[in-house]
Amino acid sequence: METMKRAVISGQKQAVLQDTPIPEPKEDWVLVKVHAVPLCTEYKGWLDGHEYGGHEAAGEVVKVAQPGKMKVGDRVVVMPGSPCGKCSYCISGEYIHCQHFHNVAEFSGIKHGGDTHVQYLIKQDWLLVPIPDGISYEQASLACCGLGPTFGAMENMNVSAFDTVLITGGGPVGLGGVINAKYRGARTIMVEGVPYRQQKARELGADLVLDPNDPEIRLKILNFTNSIGVDQCLECSGTVEAQRLCMDVTRRRGQIALIGECGEDLAIKASPDFIRKGIVLLGQWHYNLNGVSKIMKVICESSVVEKLITHVFPMSRIQEALEISASHNCAKIILKPWEN
Ligand SMILES: [Zn+2]
Ligand SMILES: [Zn+2]
């Protein structure tokens with residue numbers, strides 16, 4: 001069996017390359033030669049030594065099992081997961097919420113068959129999005145988590161030039177939110193504590209950048225919005241403090257999207273927090289696949305989109321890439337699986 005390189009977390013704060021079999025496409029699955037692998041939350045697994053093989057990628061179709069939506073040579077962005085493609089969620093574009101994910105390990109006969117930190121991967125053809133001419137694999141790969149979750153939230157909340165948007169958490173997802181918000185013409189506030197990321201938010205066009213530990217943060221947000229509050233919040237930090245801030249500074253009839261993963265309890269008082277203010281709360285994981293042509297438009301037209309990528313490493317330097325990811329002195333980091 002032919003083998004390829006795969007980046008793996010091999011222990012606490014340890015990552016290496018290993019050899020693994022190249023999976024074989026069957027049915028409507030195709031083989032993609034991976035050219036760009038964005039890092040996401042893998043650094044969390046690296047910090048405590050849990051294996052985590054990634055879920056974002058862009059590359060080139062090199063083999064198809066049967067004629068279908070993709071042909072050899074197509075340049076594509078790989079959407080996350082392995083949903084069924086048949087249920088009502090999949091059919092309506094909400095595949096991320098599919099309840100019948102394929103077991104790719106079983107399907108491919110390879111233990112890590114669903115990983116994206118690899119040189120080749122298999123994916124159903126309908127989960128591949130064509131990359132427009134003139135757009136690099138790196139830039140196109142931002143159609144995964146770089147721009148995706150906040151794009152989905154802004155589609156659902158109809159963010160426009162009439163709005164002031166608050167984004168809490170300036171990691172790669174929240175910073176991608178600044179790009180999406182500015183593309184739509186909205187006034188944008190970023191709440192972030194790491195100086196590197198505060199600076200990056202300004203570079204991407206944030207109109208106001210605040211530190212979450214600023215004791216006057218609520219007052220400053222209200223002053224910025226004529227004492228009305230913000231129209232929409234996108235909570236990308238995954239902290240209860242930021243979730244609370246969003247509820248406190250959203251205007252009456254405003255909307256809040258929870259994007260940052262968080263397993264802790266948030267105390268809510270139904271009347272003052274929601275009923276009397278008429279707030280809409282939205283859970284946002286990814287975006288509807290039907291919005292993919294719009295997100296590609298953002299990638300093609302935004303004048304700042306490439307600034308979201310702060311580091312590009314050969315995949316062989318996975319250890320160094322995860323160290324920087326964990327330091328938070330970065331935005332999106334991309335691995336190149338074929339470079340040394
Ligand atoms: Zn499904
Ligand atoms: Zn991701």
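As shown above, the structure is provided for reference.
Please read all numbers here as calculations on a predicted model, not as lab measurements.

A. Main features of helix α11 (residues 292-301). Of all the residues in α11, the buried ones are V292, I295, M296, V298 and I299. Angular distribution of buried residues about the axis of α11 spans 150 degrees; they occupy a single face of the element. Looking at the packing, one finds that the buried side of α11 touches β5 (75-78), β7 (128-130), α4 (137-140), α5 (148-157) and α6 (172-183).

B. Just the pairing of strand β1 (residues 3-11), in detail. Pairing of β1 with strand β2 (residues 14-21) involves 8 bridges; the strand directions are antiparallel. Paired with M4 across the bridge in β2 is T20. Between the end of β1 and the start of β2, which pair antiparallel, lie 2 residues, with K13 showing a positive phi angle near 55 degrees.

C. Inspection of the coordination of the zinc ion (ligand 2) at higher detail. Here the zinc ion (ligand 2) is held by C40 (SG), H55 (NE2), E56 (OE) and C145 (SG), and the distances to it run 2.0 to 2.3 Å. Considering all 4 donor atoms around the zinc ion (ligand 2), angles at the metal cover 92 to 126 degrees and the coordination shape is tetrahedral. Sequence spacing of the donor residues for the zinc ion (ligand 2), all on one chain, is C-x14-H-E-x88-C. Of this pair, C40 sits in the loop between β3 (29-38) and α1 (42-48) while H55 is found in the loop between α1 and β4 (57-64), placing the two residues 15 residues apart along the sequence. For C40, a relative accessible area of 17% translates into the label buried.

D. Main features of the coordination of the zinc ion (ligand 1). Protein coordination at the zinc ion (ligand 1) comes from C84 (SG), C87 (SG), C90 (SG) and C98 (SG), with a distance range of 2.3 to 2.4 Å. Between the donor residues of the zinc ion (ligand 1), the gaps in sequence give the motif C-x2-C-x2-C-x7-C. With C87 in the loop between β5 and α2 (88-91) and C98 in the loop between α2 and α3 (104-108), this pair connects stretches of sequence that are 11 residues apart. This pair shows no difference in class: C87 is buried, exactly as C98 is.

E. Molecular detail of unusual backbone geometry. Phi is positive for N226, close to 50 degrees, though the residue is something other than glycine. For S227, which is not glycine, the phi dihedral falls at a positive 65 degrees. In this structure, S227 sits in the loop between α8 (217-224) and β11 (230-235). Taking the relative accessible area as the measure of exposure, S227 reaches 58% and is therefore exposed.

F. Just the packing of α6 against α11, in detail. Close contact between α6 and α11 brings their axes to 11 Å; oriented N to C, the two are set at 90 degrees. Between α6 and α11, the interaxial angle falls into the category roughly perpendicular. For the pair α6 and α11, the contacting residues are I179, N180 and Y183 in the first and K297, V298 and E301 in the second. Among the residues making up the contact of α6 with α11, the classes are represented as 3 nonpolar, 1 polar and 2 charged.

G. Structural context of the sheet that holds strand β8 (residues 164-168). Pairing within the open sheet is parallel, and its 6 strands lie in the order β10-β9-β8-β11-β12-β13. For this open sheet the edge positions go to β10 (208-210) and β13 (280-283), each flanked by a neighbour on one side alone. Taken pair by pair, the neighbouring strands of this sheet meet at an average axis angle of 15 degrees, ignoring direction. In the sheet, β11 pairs with strand β12 (residues 250-258) via 5 bridges, with the strands oriented parallel. Paired with E235 across the two strands is L258, which belongs to β12. Across the face of the sheet, α8 comes into contact with β8, β9 (187-191), β10 and β11 while running at roughly 170 degrees to β10.

H. Layout of the pattern of salt bridges. Counted under the stated rule, the structure contains 18 salt bridges. Between E24 and K63 there is a salt bridge, and its shortest N-O distance comes to 3.0 Å. Of this pair, E24 sits in the loop between β2 and β3 while K63 sits in strand β4, and the two are 39 residues apart along the sequence. Its salt-bridge partner being R317, residue E320 comes within 2.9 Å of it at the nearest N-O pair. E320 sits in the partly exposed class, given a relative accessible area of 32%. Salt bridges linked by common partners bring R218, R244, D248 and D273 together as one network.

I. Representation of the environment of I318 within the structure. Tracing the backbone through its elements, the reader meets I318 in helix α12 (residues 318-327). Here I318 falls in the buried class, since its relative accessible area comes to 2%. In the structure, I318 is positioned 111 residues away from D207 in sequence and 34 Å away in space, judged by C-alpha atoms.

J. A look at the pairing of β4. Both β3 and β4 contribute to a ladder of 6 bridges, which runs antiparallel. Along β4, the bridge assignment pairs V34 with G59. Bridge analysis of β4 against β5 gives 4 bridges, and the strand direction is antiparallel. Across the sheet, the residue bridging to E60 is R75, located in β5.

K. How the structure looks around the state of the cysteines. Enumeration over the complete set of coordinates arrives at 0 disulfides. The structure places no disulfide on C246, whose sulfur is separated from the nearest cysteine sulfur, that of C233, by 3.9 Å. On the basis of relative accessible area, C246 is assigned to the buried category, the value being 0%. We note that C300 lacks a disulfide partner, and the nearest cysteine sulfur, in C144, lies 15 Å from it.

Calculation criteria
- Residues numbered from 1 in each chain as written.
- Chains lettered and ligands numbered in written order.
- Predicted model: local features only at pLDDT ≥ 70, side-chain atom pairs only at ≥ 80, totals over all residues.
- Heavy atoms only, no water.
- Buried < 20%, exposed > 50% of the residue type's maximum accessible area, 1.4 Å probe, protein only.
- Helix = DSSP H or I, 4+ residues; strand = E, 2+ residues; numbered from the N terminus.
- Arc of directions from axis to C-beta.
- Contact = heavy atoms within 4.5 Å.
- Pairing = 2+ DSSP bridges.
- Donors = N, O, S within 2.8 Å, 3.2 Å for Na, K, Ca; no water.
- Tetrahedral: all angles 85-135°; square planar, octahedral: opposite > 155°, others 65-115°.
- Axes fitted to C-alpha atoms, helices over the stretch in contact; angles between N-to-C directions.
- Parallel < 35°, antiparallel > 145°, perpendicular 65-115°, else oblique.
- Nonpolar A, V, L, I, M, F, W, Y, C, P; charged D, E, K, R; others polar.
- Salt bridge = Lys/Arg side-chain N within 4 Å of Asp/Glu carboxyl O.
- Disulfide = S-S within 2.5 Å.

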